[in-house]
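Structure at a glance
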Amino acid sequence: MDNSALRSPYYYQEVIRKFSGTLTHIFTLPRLLDSIVTTVAEIFEINKVSILLKDEMSLEYRVKASTGMKEDIAKEIKLKENEGIINWLCMREQILKREDLLIEKDFSEHSRVIMELDLLGAHFCLPLFIHGDLIAVIPFGKKITGDKFTYEDISLLATMANYAAVSIYNSL
C-alpha cells in the first residue's frame with residue numbers, strides 16, 4: 001500500500017518547514033550537502049540520493065554527497081557539461097524522469113543518458129538552477145517500499161530542491 005494515503009493533510013507543509021529550517025542552520029558546504037541527501041532519503045524512503053556539483057575548472061559534475069551509493073563508485077562519477085544527463089537538463093530545464101526517455105527516443109544522446117542514470121542508480125534527476133546556470137543535479141533512486149513516486153512527492157522534492165539550490169549557491 002502506498003504510504004502517501006496515510007499522511008496527514010499537512011504533511012507536505014511540515015516537511016517544507018522542517019527542511020527549510022535545517023538549511024538555515026548549516027553553513028559549511030559538505031555538511032549542507034550531507035544533510036540534504038540524508039534528509040531527503042529518510043523522508044521519502046529512497047534507496048539512493050546524491051548531489052553532483054559543477055566543477056568550474058573541468059566543467060564536470062561530480063558526486064559531492066550521497067547515501068546508498070558506494071563511496072569508491074561515487075568518487076569516480078564524472079558527468080560532462082555538454083553530454084548525457086547534464087546536456088538533457090540544460091536543454092529542457094525540467095525534471096528528467098526515466099520513463100520520459102521511453103517516449104523521447106529521438107534525443108541524440110538517449111543511450112548515454114540511460115547509461116548515466118544506471119550508473120547513478122537514478123529513477124529521476126532534479127536540476128538545481130541559479131540565474132540560469134545548472135549548479136547541481138540531484139539524482140534519486142527508488143523508494144525502499146517499492147511504491148512509485150506520486151505527483152505530490154515529485155512536486156515536494158522539486159520545491160525542496162529550490163531551497164537547496166539557494167543554500168548551496170550561498171555556501172559556494
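Here goes a summary of the coordinates provided. In this text, all values refer to a predicted model and were calculated from it rather than measured experimentally.

**Some remarks on helix H6 (residues 110–120)**
Residues of H6 that are buried: His110, Val113, Glu116, Leu117 and Leu120. An end-on view of H6 places all buried positions within 130 degrees of arc, on one side of the element. Gly121 occupies a position one or two residues after H6 and carries a positive phi of about 65 degrees.

**Re the nonpolar core**
Membership of the largest hydrophobic core comes to 37 residues, with the highest contact counts inside it found for Ile36, Val40, Ile51, Leu128, Phe140 and Ile168. Of all the secondary-structure elements, those providing two or more residues to this core are helix H1 (11–23), helix H2 (29–44), strand E1 (49–55), strand E5 (124–130), strand E6 (133–140) and helix H7 (151–171). With residues near it in sequence (within four places) discarded, Ile36 still touches Phe19, Leu23, Ile51, Ala164 and Ile168. If you look at the next biggest cluster of nonpolar residues, it comprises 20 residues, including Val63, Leu79, Val113 and Val137.

**A short note on the pairing of E5**
Summarising burial for E5: six of the seven residues are buried, a large majority. Of the pairings in the sheet, the one linking strand E4 (residues 96–97) to E5 comprises two bridges and is antiparallel in character. In the strand pairing of E5, Leu96 is matched with Cys125. In this sheet, E6 lies alongside E5 in antiparallel orientation, the contact comprising seven bridges. What sits directly across from Leu128, in E6, is Ala136. Between the end of E5 and the start of E6, which pair antiparallel, lie two residues, with His131 showing a positive phi angle near 50 degrees.

**Side note on the sheet that holds E6**
Strand order across the open sheet formed by six strands is E3-E2-E1-E6-E5-E4, with antiparallel pairing between neighbours. One side of each edge strand has no neighbouring strand; the edge strands of this open sheet are strand E3 (78–80) and E4. Of the pairings in the sheet, the one linking E1 to E6 comprises three bridges and is antiparallel in character. Residue Leu53 lies in a different strand from E6, and its bridge partner there is Ala136.

Criteria and thresholds
- Residues numbered from 1 in each chain as written.
- Predicted model: local features only at pLDDT ≥ 70, side-chain atom pairs only at ≥ 80, totals over all residues.
- Heavy atoms only, no water.
- Buried < 20%, exposed > 50% of the residue type's maximum accessible area, 1.4 Å probe, protein only.
- Helix = DSSP H or I, 4+ residues; strand = E, 2+ residues; numbered from the N terminus.
- Arc of directions from axis to C-beta.
- Core = buried A, V, L, I, M, F, W, Y, C linked by side-chain atoms within 4.5 Å.
- Contact = heavy atoms within 4.5 Å.
- Pairing = 2+ DSSP bridges.

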